[in-house]
Amino acid sequence: MTEPLLLTIDEGLARLTLNRPASLNAFDADLAHAWRDATAAAVARNDVGAILIEGRGRAFCAGGDVRAMSASMSGGHEITALAQVINAGILSLTTSAVPVVAAAHGTTAGGGLGILMCSDYAVIGASSKIGSRYANIGLTPDLSVSAQLARAVGERRALQLLLQDRMLSADEAVEWGLVAEAIAGPSGEAGSDPDAEADAVRERAEEVARFWLAGASGAYGHAKRLVRSQPSRSFEEQLSAEADSIGAAFDTADAQARIAGFAAASRER
């Protein structure tokens, strides 16, 4: 049986690969449980300094597997329980002090938006499309979409996407601030070679992850943690959390070495 999610770790980079290409990497029960377990395993490892999420095939993630749900779910209580399993993985990533990059080629829709927004830096293809489409089948947002989408693009734009049958183009997704970059394939023409474009997206996402790993990955991770956790604190509490975090960072061997190098370079100028 093919594994629905692949977890590989190489030189500090944990790669989470959604592996249901025939279903556009839509989540069924098997993928949901694999996602929960793999995300927890990745963030728990001391040797992981960056995480990359990607999808096999022609899409990043089409959300929930509606056909599987209609065939196997007896009621809404089962859908709720399955969403909570996936939510555990979302919490693992978003509350961790490990920076996450997404390589989101092709289509991202429905709950796939929540998976995309687990990342702290998202790279998509120049021909990618991103949308909600929950209401098309009479459902409401899940997998953090109602929270993270509004936080990423603002309440009004979030409502525009959720209350219309609309798919954002790659340029719109960048302009809205939903993703960081849109990458074309080697030809430079969007959609001319989908496989090459997907490869280019993955390569750029890995470059971002390797940049973190080559630098002060701990500091990048804790900066992410401060920003991600800020909504749960008052402004005064956030100031205190920042002060505690920078003090703890100062005491690390990595920061001490970097500060000493910066000071030495400054004296030479």
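Residues numbered from 1 in each chain as written. Predicted model: local features only at pLDDT ≥ 70, side-chain atom pairs only at ≥ 80, totals over all residues. Heavy atoms only, no water.

S.K.: Talk me through the overall build of the chain; I want residue IDs and the actual numbers.
M.R.: The helix and strand inventory of the chain stands at 11 helices and 9 strands. Here the chain has a C-alpha radius of gyration of 19 Å; the compact-globule value for 269 residues is 18 Å, and the two agree. Taken along its principal axes, the extent of the C-alpha atoms in the chain is 65 × 45 × 40 Å. Looking at the chain as a whole, 42% of its 269 residues are labelled buried. Roughly 13500 Å² of accessible area belongs to the chain as shown, and the carbon and sulfur atoms make up 54% of that amount. When the 23 basic and 33 acidic side-chain charges of the chain are each reduced to a single mean position, those positions are 2 Å apart. (Helix = DSSP H or I, 4+ residues; strand = E, 2+ residues; numbered from the N terminus. Rg over C-alpha atoms; globule rule 2.2 N^0.38 Å. Buried < 20%, exposed > 50% of the residue type's maximum accessible area, 1.4 Å probe, protein only. Areas by Shrake-Rupley, 256 points an atom, 1.4 Å probe, with all protein chains shown as cover. Lys, Arg positive; Asp, Glu negative; His and termini not counted. Charge placed at Lys NZ, Arg CZ, Asp CG, Glu CD.)

S.K.: With reference to specific residues and values, describe the pairing of strand β1 (residues 5-10).
M.R.: With 6 bridges joining them, β1 and strand β2 (residues 13-18) adopt antiparallel strand pairing. In the strand pairing of β2, I9 is matched with A14. Taking the residues between adjacent antiparallel strands as the criterion, β1 and β2 are bridged by 2 residues, where E11 takes a positive phi near 50°. (Pairing = 2+ DSSP bridges.)

S.K.: Go over the sheet that holds strand β4 (residues 100-104), please, and point to the residues and values.
M.R.: Taken in spatial order, the 6 strands make up an open sheet running β1-β2-β3-β4-β6-β9, and their pairing is mixed. Of all the strands in the sheet, the pair left with one neighbour each is β1 and β9 (181-183). Sheet twist, expressed as the average angle between the axes of neighbouring strands with direction ignored, equals 20°. Relative to β9, strand β6 (residues 121-125) runs parallel, the two sharing 3 bridges. What sits directly across from G125, in β9, is I183. Along the sheet face, helix α1 (residues 29-44) touches β1, β2 and β3 (50-55) and points at about 15° away from the line of β1. (Axes fitted to C-alpha atoms, helices over the stretch in contact; angles between N-to-C directions. Contact = heavy atoms within 4.5 Å.)

Without other data, these values stay purely geometric and don't point to any function.
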